[in-house]
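Examination of the molecular architecture
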Amino acid sequence: MTTNTAATTTTPSSTTTPASTSAAAQASRDKIKIASGTPVFFYVDLTTRFLKDQETVELSALGNAIATVVSISEILKNQGIATIKKVHTTTMEISERKVTKAKIEITVAKTPDFFKIIEQRDAAKAAAAAQKKAEAPAQPTAASSTTAAPTTTNNAPATTAAPATVSV
C-alpha cells in the first residue's frame, strides 16, 4: 500500500504481457534505487553513466537513504551535469512488519552541456593520471636490486636510561 501526502492510493498487482515487457525493461533502465550504506560518489558516477544513454534518470530511496539521494542530486546539479526535474515524496507501509517508511523519488535530466562537461572531466582525469605517472619514482630493475645494501652496526656500548621519577 502506498500513501501519498495528498491522498491514499493502492496499487493493484498487474500481469506483464509480452507487449509490455519491453516497456517494463525500459522503465527499469532509467531508475536507480539508492541504499544508505553505499558511497555517494558511486551513485553519482552511476547516474552519470545512465544519463549518457537516457535523457532522465529517477533516483529513489526509502528511510535513512533519503539524505543520500538528495546529496546525489545536489552534487549532479552543482557539477552542471543534471537538473532536477521532479521531486515526489510518499510514505509506504511495509506489510510484513507493519512499518511505515518515507520514500522520495527525484527525477534528474541531463543538461544541454552534459557531454561537454563529461569530456572536460575525463580529459582532466587523464591529465592528472599522466602527471602522477611522470612524478612517480622509477621502479628498481632486477639488475639494480641484486646489489647488497651496506649494513651498519652500532658498536657503541649499550646505555640504560635512569628510571623516571615523578613528583606529586
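In this text the structure is predicted, and so the values were computed from the model without any measurement.

**With respect to the overall build of the protein**
Across its full length, the protein carries four helices and six strands. The order of α-helices and β-strands along the protein, N terminus first, is β-β-α-β-α-β-α-β-β-α. A sequence separation of at least 24 residues applies to 67% of the contacts in the protein between residues at least 6 apart. Total accessible area on the protein stands at roughly 12300 Å², and carbon and sulfur atoms take up 57% of it.

**Digging into the pattern of salt bridges**
Taken as a whole, this structure holds three salt bridges when the rule is applied. Between Lys77 and Glu74 there is a salt bridge, and its shortest N-O distance comes to 3.3 Å. With Lys77 and Glu74 both in helix α3 (residues 66–78) and three residues apart, the pair spans about one turn of that helix. Take Glu74: its relative accessible area is 29%, and that puts it in the partly exposed class. Among the salt bridges present, the one from Glu105 reaches Lys103, with a minimum N-O distance of 3.2 Å. By relative accessible area, which is 17% here, Glu105 ends up buried.

**What to know about the packing of helix α2 (residues 40–53) against helix α4 (residues 114–135)**
Between α2 and α4, the shortest axis-to-axis distance is 11 Å and the interhelical angle comes to 130°. The angle between the axes of α2 and α4 places the two elements in the oblique class. Both α2 and α4 take part in a crossing whose hand is left-handed. Contact residues: α2 offers Thr48, Leu51 and Lys52, while α4 offers Phe114, Phe115, Ile118 and Arg121. The class makeup of the residues in the contact of α2 with α4 is four nonpolar, one polar and two charged.

**A closer look at α3**
The end-to-end C-alpha separation of α3 is 18 Å, in line with the 18 Å expected for 13 residues at 1.5 Å each. Taken together, the buried positions of α3 are occupied by Thr68, Val69, Ile72, Ser73, Ile75 and Leu76. Seen along its axis, α3 keeps its buried residues to an arc of 160°; they face one direction. In α3, the exposed positions angled more than 90 degrees off the buried face are occupied by Ala67 and Asn78. In the core, the buried residues of α3 are packed alongside α2, β4 (56–62), β5 (82–94) and β6 (99–110). Once α3 ends, the next one or two residues include Gly80, with phi positive near 80°.

**Overview of the pairing of β5**
Within a regular strand, the side chains alternate between the two sheet faces. As defined by bridge partners, β5 adjoins β6 across twelve bridges and the pair is classed as antiparallel. Residue Val87 lies in a different strand from β6, and its bridge partner there is Ile106. What sits between β5 and β6 in their antiparallel hairpin is a turn of four residues, with Lys98 showing a positive phi close to 55°.

**Digging into the environment of Ile32**
Mapped onto the fold, Ile32 is located in strand β3 (residues 31–33). Separated by 25 residues in the primary sequence, Ile32 and Val57 place their C-alpha atoms 7.4 Å from one another. In contact with Ile32, other than residues within four places in its own chain, are Tyr43, Leu46, Thr47, Phe50, Val57, Glu58, Leu59 and Ser60.

Parameters at a glance
One numbering rule holds for all chains: residues counted from 1, following each sequence as written. The model is predicted, so local features are restricted to residues of pLDDT at least 70 and side-chain atom pairs to those at 80 or more, both for listing and for counting; the totals for chains, interfaces and linings are taken over all residues. The basis for every side-chain value is the complete set of non-hydrogen atoms in the structure, without hydrogens or water. A run of H or I in DSSP becomes a helix once it reaches four residues, and a run of E becomes a strand once it reaches two; helices and strands are each numbered from the N terminus. Note on contacts: a residue pair is in contact if any heavy atoms of the two residues lie within 4.5 Å. In short, Shrake-Rupley with a 1.4 Å probe defines the accessible areas, and a residue's cover is counted only from the protein chains shown. Whenever a carboxyl oxygen of Asp or Glu lies within 4 Å of a side-chain nitrogen of Lys or Arg, that contact is scored as a salt bridge. The rule is simple: take the accessible area with a 1.4 Å probe, protein chains only, and divide by the maximum for that residue type; under 20% is buried, over 50% is exposed, in between is partly exposed. Every angle, taken between N-to-C directions, lies between 0 and 180 degrees, and every axis is a line fitted to C-alpha atoms, over only the stretch in contact when it is a helix. Angles below 35 degrees are treated as roughly parallel, those above 145 as roughly antiparallel, those between 65 and 115 as roughly perpendicular, and all remaining angles as oblique. Helix crossings are classified by the rotation of the near helix relative to the far one: an anticlockwise turn of less than a right angle makes the crossing left-handed, while a clockwise turn makes it right-handed. Gly is put with the polar residues, along with every residue not named as nonpolar or charged; the nonpolar set is Ala, Val, Leu, Ile, Met, Phe, Trp, Tyr, Cys and Pro, and the charged set is Asp, Glu, Lys and Arg. Expected helix span is given by 1.5 Å per residue-to-residue step, counting one fewer step than there are residues. The arc under discussion is defined with respect to the helix axis, by the directions toward the C-beta atoms. In this analysis, strands are considered paired if DSSP registers two or more bridges between them.

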